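Tertiary structure, described
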Amino acid sequence: MIRAHSLSCGYGTRGGKTVLHGVDLRVARGELVGLCGPNGAGKSTLIAALAGLLAPSEGRVELDGQDISGLSARQRAQCISCVPQRLEAPAGFTVRELVLMGRFAHTGTLSGYGPDDHEAAEKALREAGAWELAPRMALELSGGELQRVLLARALAQGKNALLLDEATSAMDLARRVASFDLLARLAGSGSAILTAMHDLNLAALYCPRLVFLK
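As the structure is a computational prediction, the values presented were derived from the model and not from experiment.

Here we take up the sheet that holds strand S3 (residues 32–36). Strand order in the open sheet formed by 5 strands is S6-S7-S8-S3-S9, with parallel pairing between adjacent strands. Across the chains shown, the open sheet's two edge strands, defined by having one partner strand only, are strand S6 (80–83) and strand S9 (209–212). Strand-to-strand twist of the sheet, defined as the mean angle between neighbouring strand axes without regard to direction, takes the value 15°. The pairing of S3 with S9 spans 4 bridges and is classified as parallel. Across the sheet, valine 33 pairs through a bridge with arginine 209, a residue of S9.

Here the structure, examined in full by the defined rule, presents 1 aromatic pair. Plain terms: the ring middles of phenylalanine 180 and tyrosine 206 are 5.5 Å apart, the flat faces sit at 40° to each other, and that makes the pair tilted. In this pair, phenylalanine 180 sits in helix H6 (residues 173–188) while tyrosine 206 sits in helix H7 (residues 200–206), placing the two residues 26 residues apart along the sequence. The pair formed by phenylalanine 180 and tyrosine 206 is uniform in burial state, with each residue classed as buried. When the ring centre of phenylalanine 104 is taken as reference, the NZ or CZ atom of arginine 74 above it lies at 5.2 Å. Sitting above the plane of the tryptophan 131 ring, arginine 126 keeps its charged end 3.9 Å from the centroid.

All right, on to the packing of helix H5 (residues 143–157) against H6 then. The N-to-C vectors of H5 and H6 enclose an angle of 10°; their axes lie 12 Å apart at closest approach. With respect to their mutual orientation, H5 and H6 come out roughly parallel. Considering how the two elements wind past one another, H5 and H6 form a crossing that is left-handed. Along its contact with H5, which presents Arg148, Leu151 and Leu155, the element H6 presents Arg175, Ser179, Leu182 and Leu186. A per-class count over the contact of H5 with H6 returns 4 nonpolar, 1 polar and 2 charged.

Moving on, we come to the pairing of strand S1 (residues 2–11). Extensive coverage of S1 is indicated by the burial of 7 of its 10 residues. Sheet topology note: the S1/strand S2 (residues 17–27) ladder contains 7 bridges and is antiparallel. From the neighbouring strand, leucine 7 faces S2, where its bridge partner is valine 23. Sheet topology places S1 next to strand S4 (residues 58–63); 5 bridges connect them, and they run antiparallel. Directly across from arginine 3, in S4, lies its bridge partner glutamate 62.

Rules used throughout
- Residues numbered from 1 in each chain as written.
- Predicted model: local features only at pLDDT ≥ 70, side-chain atom pairs only at ≥ 80, totals over all residues.
- Heavy atoms only, no water.
- Pairing = 2+ DSSP bridges.
- Helix = DSSP H or I, 4+ residues; strand = E, 2+ residues; numbered from the N terminus.
- Axes fitted to C-alpha atoms, helices over the stretch in contact; angles between N-to-C directions.
- Phe/Tyr/Trp six-rings, centres within 6.5 Å; stacked < 30°, edge-to-face > 60°.
- Buried < 20%, exposed > 50% of the residue type's maximum accessible area, 1.4 Å probe, protein only.
- Lys NZ or Arg CZ within 6 Å of the ring centre and 35° of its normal.
- Parallel < 35°, antiparallel > 145°, perpendicular 65-115°, else oblique.
- Left-handed = near helix turned anticlockwise from the far one by under 90°.
- Contact = heavy atoms within 4.5 Å.
- Nonpolar A, V, L, I, M, F, W, Y, C, P; charged D, E, K, R; others polar.

Written out as structure tokens, the structure is:
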């Protein structure tokens, strides 16, 4: 499903820092893979590159055998859902509206959200354990609540491939376990999931395969 071939990338142009050097990685359908390593090892950089948000300096990223550099941002968003590490809630939107934004890549350029989009958003809110937050303003949420909502937004966007960057780090233990129960079920249903994480106990419990960055 998602594959990195000899991937090297970093930030800046001339004199910029290369963070990843020659990374090879494959995440197949039905896999829940844990991405581990110390701070600064390049976990967030790798996820950004796999999502097509950061262009490699060498190597390539493939989605179902196709180089993602040849896909538009909309095409990538229709296939890959990403939950970033940084928590950012836009002002002026309710939780329900924020989750519905995950459907944008599936709508027409000029058309609004249809019944299928609203149904997908409501289902995602329930799956992520965030249904009761739906009417609240996004800016009012705690860090853990916002992470549940961002996970719901990713689920509403699509479940073929999920890239999660410390997506449960602000949740309490019960919510974190519930989220990983959900991820395990999604993988069992055919999703390809890569999750960056520091909690090695959860990684050992839920991820049949671990990838470590040094």
